[in-house]
Protein chains: 2
Amino acid sequence: MSGARRFAGWGFFGQEVRPSAEALALLRHHVGKGDPLPEASTDGFCLPRSRAFGRLGVCWERDSAARLAHCAGQSFPDLVGLRTKTQKAFPDGVAHPATPEQVWQVLSLAARNGWVVVPRGGGTSVVGGVTVPQGERPTLVLLTDRLRGLVSLDGRSGLATFWAGTLGPEVEAELAAHGFWLGHEPQSFELSTVGGWVATRSAGHRSTGVGRIEDLLAGAEVALPEGLFRLEPVPAAAVGPELRQLLCGSEGRLGVFTRVTLRVRQPPRSDPGLLMVVPSWWDGMELCRRLLQEGLAPQVVRLSDAPETTLALALAELKGLGKVASQLLFARRRFAQGCLLLLGGGEEERLRRAWRVAGQLGAWSLGAWGWRRWLRDRFRHPYLRDAFLSLGFGVDTCETAAPWSALARLYEGVHRALTSRAQAMGVRVWTLCHLSHAYGDGASLYFTFFWALRRLREVEDWAQLKQAWVEAVLSLGGTLSHHHGVGRMHAPWLEREVGDQGAKLLRALARSVDPRGILNPGVLFPDGEP
Amino acid sequence: MSGARRFAGWGFFGQEVRPSAEALALLRHHVGKGDPLPEASTDGFCLPRSRAFGRLGVCWERDSAARLAHCAGQSFPDLVGLRTKTQKAFPDGVAHPATPEQVWQVLSLAARNGWVVVPRGGGTSVVGGVTVPQGERPTLVLLTDRLRGLVSLDGRSGLATFWAGTLGPEVEAELAAHGFWLGHEPQSFELSTVGGWVATRSAGHRSTGVGRIEDLLAGAEVALPEGLFRLEPVPAAAVGPELRQLLCGSEGRLGVFTRVTLRVRQPPRSDPGLLMVVPSWWDGMELCRRLLQEGLAPQVVRLSDAPETTLALALAELKGLGKVASQLLFARRRFAQGCLLLLGGGEEERLRRAWRVAGQLGAWSLGAWGWRRWLRDRFRHPYLRDAFLSLGFGVDTCETAAPWSALARLYEGVHRALTSRAQAMGVRVWTLCHLSHAYGDGASLYFTFFWALRRLREVEDWAQLKQAWVEAVLSLGGTLSHHHGVGRMHAPWLEREVGDQGAKLLRALARSVDPRGILNPGVLFPDGEP
């Protein structure tokens, strides 16, 4: 759970995960054999000279190792750029302010001098949110790694204020010491920060039960070039447009979060859950909808489609009785298109009711082991991507959300769009999907797609598939992102989603705090100007 | 539930409510005898000539009756201004656009010509949100009364789109016809509109269970001077700052809502509830906190303090056995400071658990009759205000919200502030309070204060008490408003709550859609300029 972060890959050194032989055979069957991406290494980079900042008044670094380690995030093009050493832009320095006042001071200096600032928490953005942009202006990565820990706890109100750079496991450890729990567990939990969660409108695995980060956000302090902007926690208010919700999701364009007050609760006494199989994706979707609309949803609702179920079983490396049982189950005609469904977390009585309804609607319980195994392994899954890339398989994940009535069309439209684009490109694509983060009025769909990498065309091929995905989603009523955010990757499409009027409002906001466009330019608005 | 709206008073003609003799005796005991406010009448007003608008292209009125009926809302100064005929500003016309395009057309014409536009739904604002401002510019009230009814229903997703001018009872009738229910029941339910709810961040009686209007808001269409701005419904998204939440609470400064998509649900099978008595306000607060934090809260949580309990019992005109029982109960030493607590609405099993916990913590059940009576009468209560004014009692209600840890200090601070300000003014004030709209991290406190009216000093006295209230609340961690909104009344204090940085962001937004400041000037920002 700790240790040195890997370069150009997910997570910590020594935590790498290898896919099973069965999974690789499956992938080869679906997309063929590709050209492996070079392994990540910090050797052989030739960084341009760091442009001077003069006196920053805070601790900062300009050595190559620091500049290299903080030039990009975890998007597909980020990883390819770093592993093939074609990455173009590097920060001129990496600042580590230790107080909100120091963050403000850096921003104020940057605004006066026209330096670009890229705020960075855990650096796990998969949409280019922390990718250093190319450009003439000196660029500073502003790390929040020295703003760590619990600031204060109001136990009576269940309100905990954290420094923005506090990592997920640190949040829960601090809270546990005081008998509290947050329950916000995004896939990046071990690596990402409170400030990053709020800046990107993050959602955790348990969001169906505990809410998204915007539901947990009660108050905040944000550093702007002009000073510190504090919004005290209130349970609810009617004093004009909600400014906390306006800052939440601003992705560094409206300042840098320095302190965040979150709604916390009593830790659960137990954490029960079941892995189930439903006869089909459509049966599973209908079941999820009913659970949500009847108020029976547990904290985690996660339905894999048939392809993802196949890959999950192949990756699970079942042995002995488990293997035989699984083969027998999926061999039954009823479960030939069987889909895995996880229902877990939350109050036991409610869960039992959910399981009962699931059973009535045709779900078959595989017991608690699958739930416990998922809980144990869930933060390991992203490590697989790096291994797949090393084996020649391109892979990316894209997620959206839409009303229940739009999900079937969306699901099929995305498959069609990716397949036909891949055909035109002369590659094969394998598209997997799961439904998670369910709501009364809809749910998010999380797509994973694989293709065979082609040397020197990795990013070009990816960009074509990504574009096909976005166009399909936006034309079928889905949102550009349910929880990954906009970053630089989705910025060209932001206006398609929010309209020219919406874009105008957002630009007016950015311009008012940052007239020179020094705050994370390229994020939200593609042209880099506010 | 329908009929003609009263002039300079709450609700409909023929629905007036008179306070009981016992209640009046109680008020006289606490604040003394005041000077009755003149009865409301439309006679004797001398309106200035209506300034011309030329061709508006939509149905509009300029007769005195229409101008008089739409010049103000339901705030204390509004009512005094109208009843004493000292009201100063009247609209030059009242427009009734029938389509979103017509709303846009009116706004576009107004922007070009520099006319002021005051958007108006049900006209029930108690904070000056629809009070026509004085000024040189011709002023048009834009009514949404021809934008009525259900636009579309997505039953699968539980999403209903309404025209913005649809009234509360119409919303529920339309939904009931399709087997759905919204459950948003603000005090103004019978009079207010979907657009008004969203524009002001309204909360209903059942908000603890069904959520506030911002939780129910999934999508919207807003008319701006430049065009129609549509945000399609999505269950959740991470595409920058949440624009729906930015429009919600904009109180007419960022355009006029024309269509609103709300999250609806299955109607409850039953609507159980209990009226209880807790030994004290502090016991009751602690109980409410526990119910909320343990996930046991019903839809309605409403705790009256001891003074409000006394007045409620006096107003209830209990007779026979009920009267005797109530006297016996409150005569017991344990309930000498007894407070009424309503817990009702929602799932039966959950309610039973809530009642059980309440009982364990010392609450005594008065049975379901009090709940049923409250349900029957709750939309009648605001009518009492007009009767009190006619009898010489000044009365206003102010509400706030704060974390649980701040509520005790806030409650006492407000009492102290009002009492000492009243003393300085040479009047007596009687302050009542209830806690409602509870959350895991805090609750709203709703204060009602009475004083004896002094002829020709009604507004001046009120303003002093109001100011004392606001200063106390803001200095003790409360919000300026939990659900009444900002309007023109709270605008001078907005910056105190959101800071200069927050005010700057809000002004930047307003300026970007409305550079000439024609949209509801004076609301949110006191200077009338964007």
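Given the structure is predicted, the values throughout are model-derived calculations rather than measurements. (Residues numbered from 1 in each chain as written. Chains lettered and ligands numbered in written order. Predicted model: local features only at pLDDT ≥ 70, side-chain atom pairs only at ≥ 80, totals over all residues. Heavy atoms only, no water.)

Here we look at the overall build of chain A
- If you tally the helices and strands in chain A, you get 18 helices and 16 strands.
- Its C-alpha atoms give chain A a radius of gyration of 23 Å, near enough to 24 Å, the size a compact globule of 530 residues would have.
- Projected onto its principal axes, the C-alpha coordinates of chain A cover approximately 70 × 55 × 45 Å.
- For chain A, with 530 residues in total, the buried portion stands at 66%.
- At a minimum sequence separation of 6, the contacts of chain A that also span at least 24 residues come to 76%.
- Here chain A displays about 18800 Å² of accessible surface, and carbon together with sulfur accounts for 53% of that area. (Helix = DSSP H or I, 4+ residues; strand = E, 2+ residues; numbered from the N terminus. Rg over C-alpha atoms; globule rule 2.2 N^0.38 Å. Buried < 20%, exposed > 50% of the residue type's maximum accessible area, 1.4 Å probe, protein only. Contact = heavy atoms within 4.5 Å. Areas by Shrake-Rupley, 256 points an atom, 1.4 Å probe, with all protein chains shown as cover.)

Thoughts on the nonpolar core
- The biggest cluster of nonpolar side chains holds 287 residues, and the ones touching the most others in it are A:Leu435 and B:Leu435.
- Sequence-distant contacts of B:Leu435, that is, excluding residues within four places in its chain, are made with B:Trp281, B:Met285, B:Cys288, B:Val301, B:Arg302, B:Leu303, B:Trp404, B:Leu407, B:Ala443, B:Ser444 and B:Leu445.
- Core analysis: the next-biggest nonpolar cluster, separate from the first, contains 14 residues, B:Ala316, B:Leu329, B:Phe330 and B:Leu375 among them. (Core = buried A, V, L, I, M, F, W, Y, C linked by side-chain atoms within 4.5 Å.)

Considering unusual backbone geometry
Residue and element names in this part refer to chain A.
- Its identity is not glycine, yet Ala 8 carries a phi of approximately 55 degrees, on the positive side.
- In this fold, Ala 8 is placed in the segment before α1 (21-31).
- Its identity is not glycine, yet Leu 456 carries a phi of approximately 70 degrees, on the positive side.
- Checked against the element boundaries, Leu 456 lands in the loop between β16 (442-452) and α17 (458-475).

Side note on the packing of aromatic side chains
All names here are of chain A.
- Considering all chains together, one arrives at 34 aromatic pairs over all chains under this definition.
- Members of the aromatic cluster, joined through ring pairs, are Trp 281, Trp 282, Tyr 411, Phe 447 and Trp 469.
- Above the plane of the ring of Trp 374 lies Arg 378, whose end atom (NZ or CZ) is 5.3 Å from the centre. (Phe/Tyr/Trp six-rings, centres within 6.5 Å; stacked < 30°, edge-to-face > 60°. Lys NZ or Arg CZ within 6 Å of the ring centre and 35° of its normal.)

Some remarks on helix α13 (residues 348-360) of chain A
All names here are of chain A.
- With 13 residues, α13 should cover 18 Å at 1.5 Å per step; its first-to-last C-alpha distance of 18 Å lies within 8% of that length.
- Looking at the buried side of α13, the elements it contacts are β10 (273-278), α10 (281-293) and β12 (339-344).
- Gly 362 lies just past α13 and shows a positive phi near 100 degrees. (Expected span 1.5 Å × (residues − 1).)

Some thoughts on the interface of chain A and chain B
- The interface is formed by 72 residues belonging to chain A together with 72 residues belonging to chain B.
- On the surface where chain A and chain B come into contact, there are eight salt bridges.
- Salt-bridge contacts for B:Arg353 lead to A:Glu347; the nearest nitrogen and oxygen are separated by 2.9 Å.
- Where the side of chain A that touches chain B is concerned, the elements lending two or more residues are β7 (217-224), β8 (227-231), α9 (243-247), α10, β14 (393-403), α16 (404-425), β16 and α18 (491-513) of chain A.
- Residues belonging to the side of chain A that touches chain B are distributed by class as follows: 34 nonpolar, 22 polar and 16 charged. (Salt bridge = Lys/Arg side-chain N within 4 Å of Asp/Glu carboxyl O. Nonpolar A, V, L, I, M, F, W, Y, C, P; charged D, E, K, R; others polar.)

With respect to the environment of B:Ser188
Residues and elements named next belong to chain B.
- The topology assignment puts Ser 188 in the loop between α5 (168-177) and α6 (194-200).
- Owing to a relative accessible area of 12%, Ser 188 belongs among the buried residues under this scheme.
- When the C-alpha positions of Ser 188 and Gly 204 are compared, they lie 8.9 Å apart, and in sequence the two are 16 residues distant.
- Ignoring any residue separated from it by four or fewer positions in sequence, one finds Ser 188 in contact with Trp 10 and Thr 124.

Brief notes about the environment of B:Trp493
- Structurally, B:Trp493 is set in helix α18 (residues 491-513).
- Apart from residues lying up to four places away in sequence, B:Trp493 is in contact with B:Gln467, B:Val470, B:Glu471, B:Leu474 and B:Leu480.

A closer look at the pairing of strand β16 (residues 442-452) of chain B
All names here are of chain B.
- Among the eleven residues of β16, eleven are classified as buried, and the element is accordingly described as predominantly covered.
- Side chains Gly 442, Ser 444, Tyr 446, Thr 448, Phe 450 and Ala 452 project from β16 onto one buried face, and the interleaved Ala 443, Leu 445, Phe 447, Phe 449 and Trp 451 project onto a second face that is buried too.
- Relative to β16, strand β14 (residues 393-403) runs antiparallel, the two being bridged by eleven bridges. Each residue of the ladder has a partner; that of Ala 401, found in β16, is Ser 444.
- The turn joining strand β15 (residues 429-439) and β16, which pair antiparallel and follow one another in sequence, is formed by two residues. (Pairing = 2+ DSSP bridges.)

Topic: the pattern of salt bridges
- Taken as a whole and assessed by the stated rule, the structure comprises 54 salt bridges over all chains.
- A salt bridge links B:Asp461 to B:Arg454; the shortest N-O distance between them is 2.8 Å. Take B:Asp461 and B:Arg454: they sit in the same class, and that class is buried.
- It is possible to trace a salt-bridge network through shared partners that takes in A:Glu185, A:Arg206, A:Asp271 and A:Arg378.

Some thoughts on the sheet that holds strand β12 (residues 339-344) of chain B
Residues and elements named next belong to chain B.
- Spatially, the seven strands line up as an open sheet ordered β13-β10-β12-β11-β15-β16-β14, and their pairing is antiparallel. Every interior strand has two partners, whereas the edge strands, β13 (364-365) and β14, have only one.
- Alignment of strand β10 (residues 273-278) against β12, held across six bridges, turns out to be antiparallel. Bridged to Leu 274 within β12 is Leu 343.
- This element, helix α13 (residues 348-360), spans β10 and β12 of the sheet and lies at about 160 degrees to β12. (Axes fitted to C-alpha atoms, helices over the stretch in contact; angles between N-to-C directions.)

Things to note about the packing of α17(A) against α18(A)
Residue and element names in this part refer to chain A.
- In contact at an axis separation of 11 Å, α17 and α18 are set at 5 degrees when each is read in the N-to-C sense. As the angle between them shows, α17 and α18 are arranged roughly parallel. Contacts from Gln 467, Val 470, Glu 471, Leu 474 and Ser 475 in α17 reach Trp 493, Arg 496 and Glu 497 in α18.
- In terms of residue class, the contact of α17 with α18 is built from three nonpolar, two polar and three charged. (Parallel < 35°, antiparallel > 145°, perpendicular 65-115°, else oblique.)

Examining the side chain of A:His96
- Within the secondary structure, A:His96 sits in the loop between β2 (93-95) and α4 (100-113).
- For A:His96, a relative accessible area of 7% translates into the label buried.

Details of the relation of the copies chain A and chain B
- For the match of chain A to chain B, the screw axis carries a shift of 0.0 Å, the RMSD comes to 0.0 Å, and the turn is 180 degrees. The transformation just described matches what one would write down for a two-fold rotation axis.
- Interface overlap between copies: 100% of the residues of chain A at the interface are likewise at the interface in chain B, consistent with a symmetric, same-surface contact. (Least-squares fit on C-alpha atoms with pLDDT ≥ 70 in both.)

What to know about the sheet that holds strand β3 (residues 116-120) of chain A
Residue and element names in this part refer to chain A.
- Pairing within the open sheet is mixed, and its four strands lie in the order β1-β2-β4-β3. Bordering the open sheet on either side are β1 (60-61) and β3, each of which pairs with just one other strand.
- In the packing of α4 onto the sheet, contacts are made with β3 and β4 (139-143), and the angle to β4 comes to roughly 165 degrees.

Overview of the pairing of strand β9 (residues 256-263) of chain A
Residue and element names in this part refer to chain A.
- Burial within β9 is extensive, with eight of its eight residues counted as buried.
- Relative to β9, strand β6 (residues 159-163) is paired through five bridges, and the arrangement is antiparallel. Across the sheet, Phe 162 pairs through a bridge with Val 260, a residue of β9.

Let's talk about the environment of A:Arg290
Residue and element names in this part refer to chain A.
- Within the element layout of this structure, Arg 290 appears in helix α10.
- You can call Arg 290 partly exposed: its relative accessible area is 31%.
- The spatial distance from the C-alpha of Arg 290 to the C-alpha of Leu 341 is 14 Å, given a sequence separation of 51 residues.

Some details on the state of the cysteines
- For the coordinates displayed, the defined rule picks out zero disulfides over all chains.
- Sulfur of A:Cys59: no disulfide; nearest cysteine sulfur belongs to A:Cys71 and is 19 Å away.
- Judged by its relative accessible area of 38%, A:Cys59 is partly exposed.
- In this structure B:Cys433 is a free cysteine whose sulfur lies 9.9 Å from that of B:Cys339, the closest cysteine sulfur available.
- The class of B:Cys433 is buried, set by a relative accessible area of 0%. (Disulfide = S-S within 2.5 Å.)

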